[in-house]
Amino acid sequence: MITTKAKILLNINVTASNIYKIVLFIEGMPKIKAGQFAMVDCGKTDGVLLKRPLSIHSFDNDTITILYKALGKGTKALSRMQKGSIIDIILPLGNGFEARNYSNIALVGGGLGIFPLYSVINEYPQKNYYAYLGCKDKHDFVCNDIFNEKCRKTLIATDDGSLGQKGLVTDFLASDLKRFNAIFACGPKPMLKALKNLVVGTQIPTFVSLEERMGCGFGACLTCACKTIRGKERVCMEGPVFDIKEVIL
Ligand SMILES: Cc1cc2nc3c(=O)[nH]c(=O)nc-3n(C[C@H](O)[C@H](O)[C@H](O)COP(=O)(O)OP(=O)(O)OC[C@H]3O[C@@H](n4cnc5c(N)ncnc54)[C@H](O)[C@@H]3O)c2cc1C
Ligand code: FES
């Protein structure tokens, strides 16, 4: 983990639902693993003092790309920052997804939780991927095309049927379970709970990335505690990726 400066190379709105793509240049980039996140300074304006946790969507030797929704004070302030600006950033944070031992991987994402899943394909391009991506409606989809390009199957589901299948991603996963030897997921708690019900009793290793509210991002404030079979753990340090069998959702 390092605290460093990043230069904004791009910061643009990519959907009708206020989702932005930001590309940051970082000199002396540390080694990054799929599923890790960064604490990003949003400019210290409008009373925004804390950095905000944002997942790394993709990375190379000197840039990272993040997709983020301009929701509240911090992310809205970030969305107003211009190309060329320099911001403070702490990265990489958290444990990340470990895909080394698996060949056929299901990526199950809901809403903003879709964004970090692409980093698995980025880090391990040689695996067989099957993506199950769900959002409220078609306006929330930003990166389904790149999943389409890289995955053997990409199933899109929306609550209102405005894009892909109507329903929840987990409804469409059940009949394909035999194809996978691992499942990586990120999304809202109800989706993760439904996934847990689905995989309980199977032998498929299943890992979920949690997105609790965070203060520091590196283990000091305990804001991000979640319940596990071992007791409370910090999502920013022991997570954000947990074995679904060990986390209490
Ligand atoms: C490990 C991690 C990775 C994340 N990755 C991404 C990402 O890649 N892209 C992205 O758009 N967002 C991501 N988030 C959520 C993002 O951090 C929050 O949306 C952001 O901190 C909100 O800050 P704000 O100042 O804009 O909003 P605030 O003014 O602080 O809050 C506005 C609204 O956002 C909600 N909110 C705040 N924190 C979270 C959170 N952690 N999860 C869900 N809702 C929250 C609040 O409840 C409130 O309704 C991630 C969160 C975590 C913990
Ligand atoms: S956010 Fe401070 S301990 Fe996790």
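Shown above is the structure to which this text applies.
To start, this report covers the structure provided alongside it. (Residues numbered from 1 in each chain as written. Chains lettered and ligands numbered in written order. Predicted model: local features only at pLDDT ≥ 70, side-chain atom pairs only at ≥ 80, totals over all residues. Heavy atoms only, no water.)

On to the overall build of the protein. In terms of helices and strands, the protein carries five helices and 16 strands. Computed over the C-alpha atoms, the radius of gyration of the protein is 17 Å, within 12% of the 18 Å expected from 2.2 N^0.38 for a compact globule of 249 residues. Expressed as lengths along the three principal axes of its C-alpha atoms, the size of the protein is roughly 50 × 40 × 30 Å. The buried share of the protein, reckoned over its 249 residues, is 53%. Once local pairs closer than 6 in sequence are excluded, the contacts in the protein between residues at least 24 apart make up 61%. Counting every atom, the protein has about 11,600 Å² of accessible surface; 51% of that belongs to carbon and sulfur. Separation between the mean location of the 32 positive side-chain charges and that of the 22 negative ones in the protein comes to 2 Å. (Helix = DSSP H or I, 4+ residues; strand = E, 2+ residues; numbered from the N terminus. Rg over C-alpha atoms; globule rule 2.2 N^0.38 Å. Buried < 20%, exposed > 50% of the residue type's maximum accessible area, 1.4 Å probe, protein only. Contact = heavy atoms within 4.5 Å. Areas by Shrake-Rupley, 256 points an atom, 1.4 Å probe, with all protein chains shown as cover. Lys, Arg positive; Asp, Glu negative; His and termini not counted. Charge placed at Lys NZ, Arg CZ, Asp CG, Glu CD.)

With that settled, consider the environment of Gly94. With respect to the helices, strands and loops of the structure, Gly94 is situated in the loop between strand S7 (86–93) and strand S8 (104–110). Residues contacting Gly94, with those up to four places away along its chain left out, are Gln36, Phe37, Cys236, Gly239 and Pro240.

Note that the residue after Leu91, namely Pro92, is joined by a cis bond; omega there is -10°. Its identity is not glycine, yet Asn18 carries a phi of approximately 65°, on the positive side. One can find Asn18 in the loop between strand S1 (2–13) and strand S2 (19–25). The partly exposed category is assigned to Asn18, whose relative accessible area is 33%. In this structure, Leu222 takes a positive phi of about 65° despite not being glycine.

Strand order in the open sheet formed by seven strands is S4-S3-S7-S1-S2-S6-S5, and the pairing between neighbours is antiparallel. Every interior strand has two partners, whereas the edge strands, strand S4 (52–55) and strand S5 (58–59), have only one. Inspection of the sheet shows S2 paired to strand S6 (residues 63–69) by seven bridges, in the antiparallel sense. Counterpart to Leu24 in the pairing with S6 is Ile64. (Pairing = 2+ DSSP bridges.)

Let us look at the side chain of Asn104. Tracing the chain through its elements places Asn104 in strand S8. Only 2.8 Å separates the side chain of Asn104 from the side chain of Asn128, close enough to count as a polar contact. (Polar contact = N/O pair within 3.5 Å; in protein donor to acceptor, adjacent residues only side chain to side chain.)

Here we come to the layout of surface pockets. Counted as a void, the largest pocket has a volume near 880 Å³. Pro53, Leu54, Leu71, Glu211 and Glu212 are, among the 31 residues lining the largest pocket, the residues nearest its centre. Residue assignment for the lining of the largest pocket shows that the elements contributing at least two residues are S4, S6, helix H1 (73–79), helix H2 (114–123) and helix H5 (189–199). If you tally residues by element for the lining of the largest pocket, the top one is S4, at four residues. Here the residues of the lining of the largest pocket are counted per class, giving 15 nonpolar, nine polar and seven charged. (1 Å grid on protein atoms, 1.4 Å probe; cavity = no way out; pocket = protein on both sides within 12 Å on 5 of 7 lines; lining within 4 Å. Points joined across faces, edges and corners; volume = space filled by probe spheres on them. Nonpolar A, V, L, I, M, F, W, Y, C, P; charged D, E, K, R; others polar.)

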